[in-house]
Amino acid sequence: MSNAIIYACSHRRGGNSDRAVELLKEGVQQAGGEADVMHVRNFDIMPCIACGFCDKSPQRQGQERCVLGEKDQAWELFRPMFTAKVVLFASPIYFYHLPSMFKTWIDRGQQFWKARLDKESWIDNLPKRTAHTVFIAGQPTGNKLFEGSRLTLKYFVKNFNMELAEPLSFRGVDGPNDLTKQAELEKHVIALGRQAWEEAD
Ligand SMILES: Cc1cc2nc3c(=O)[nH]c(=O)nc-3n(C[C@H](O)[C@H](O)[C@H](O)COP(=O)(O)O)c2cc1C
C-alpha cells in the first residue's frame, strides 16, 4: 500500500473543503506519511446509466467491467482507492447531501458492488482499511444534516473493504474563508490527518 489519498470534493475552488484538504495533508505529513490530493471537480465523470453491463460481465475486471470505463476519467479517481494506505475525503454539504460531481463518481462505484457480490478476488481480497471524512456545512442547525452523506460514503468505501470512521463535521462554516478564520477547527482537521496516518501505518 502506498501514500494516503485525499479527495477534495467541493465545486468551489479555494473554499473550506480545499482548505481542509491542505490541513489533512499537513497532519499526514506530521505523522511521517505522504498524501496525494485529487480534486474531484477536475475530472470528467459520466453518470452511471444503469445499463446492467457490470452485472452481466463477471469475467471482466477493473476498468473493463463498466461500459463507460474507458470513456471518461472515473478510473483515474478510483485507482488510489485500491492502493492507498488510508483514504480521506473533505466535502461540503449541498442540499443535505454530497455535491453532485462527487455523487456522480460514487454512483459509478456500482460496478464494484456487483463484483463484490460475485466475490471476485481483484476486489474481494483488498486489505481492510479505514476511510475518514470531513464534512462542512453552512447552516448551524439540522439534526440530520450529515446523515445522508455519511451513509452514502459508508457504503461506497465498503466496496473497497474500508470502514468509514466517525466523520468530523462542521456546521456554520459557509463563506469561502470561514474555516481559515477558526484556528480551533483547523487544529481538529490536522489532528485527523495525523491520527489517520498513525492508525494506518
Ligand atoms: C448548491 C449548494 C447547496 C448547499 N446546501 C447546503 C445545505 O443543505 N445545508 C447547509 O448547511 N449548507 C449548504 N450549503 C452551504 C455549504 O455547505 C457551505 O457554503 C460550505 O462551506 C461550502 O464548502 P466549500 O467552501 O468547501 O465549497 C450549500 C451550498 C451550495 C453551493
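Residues numbered from 1 in each chain as written. Predicted model: local features only at pLDDT ≥ 70, side-chain atom pairs only at ≥ 80, totals over all residues. Heavy atoms only, no water.

Lay out the nonpolar core with the relevant residues and their values.
The biggest cluster of nonpolar side chains holds 37 residues, and the ones touching the most others in it are Y7, M81, F89, W105, F156 and F160. Ranked by residue count, the leading element in this core is helix α2 (residues 74-83), at six residues. Listed in part, the 24 residues of the second largest apolar core include A20, A35, L185 and W197. (Core = buried A, V, L, I, M, F, W, Y, C linked by side-chain atoms within 4.5 Å. Buried < 20%, exposed > 50% of the residue type's maximum accessible area, 1.4 Å probe, protein only. Helix = DSSP H or I, 4+ residues; strand = E, 2+ residues; numbered from the N terminus.)

If you had to explain the packing of aromatic side chains to someone new, which residues and values would you point to?
Throughout the structure, instances matching the rule amount to 19 aromatic pairs. Between the aromatic rings of Y7 and W105, the centroid separation amounts to 5.0 Å while the plane-to-plane angle is 45 degrees, which identifies the pairing as tilted. Taken together, the residues Y7 in strand β1 (residues 4-8) and W105 in helix α3 (residues 100-107) connect sequence positions 98 residues apart. Across the pair, W105 and Y7 agree in class, each one buried. Taking the centre distance of 5.5 Å and the plane angle of 90 degrees together, the rings of F82 and F160 count as edge-to-face. Of this pair, F82 sits in helix α2 while F160 sits in the loop between α6 (147-158) and β5 (162-164), and the two are 78 residues apart along the sequence. Each member of the pair F82 and F160 is classed as buried. Put simply, the rings of Y7, W75, F78, F82, F89, F102, W105, F112, W122, F156 and F160 pair up and form one aromatic cluster. (Phe/Tyr/Trp six-rings, centres within 6.5 Å; stacked < 30°, edge-to-face > 60°.)

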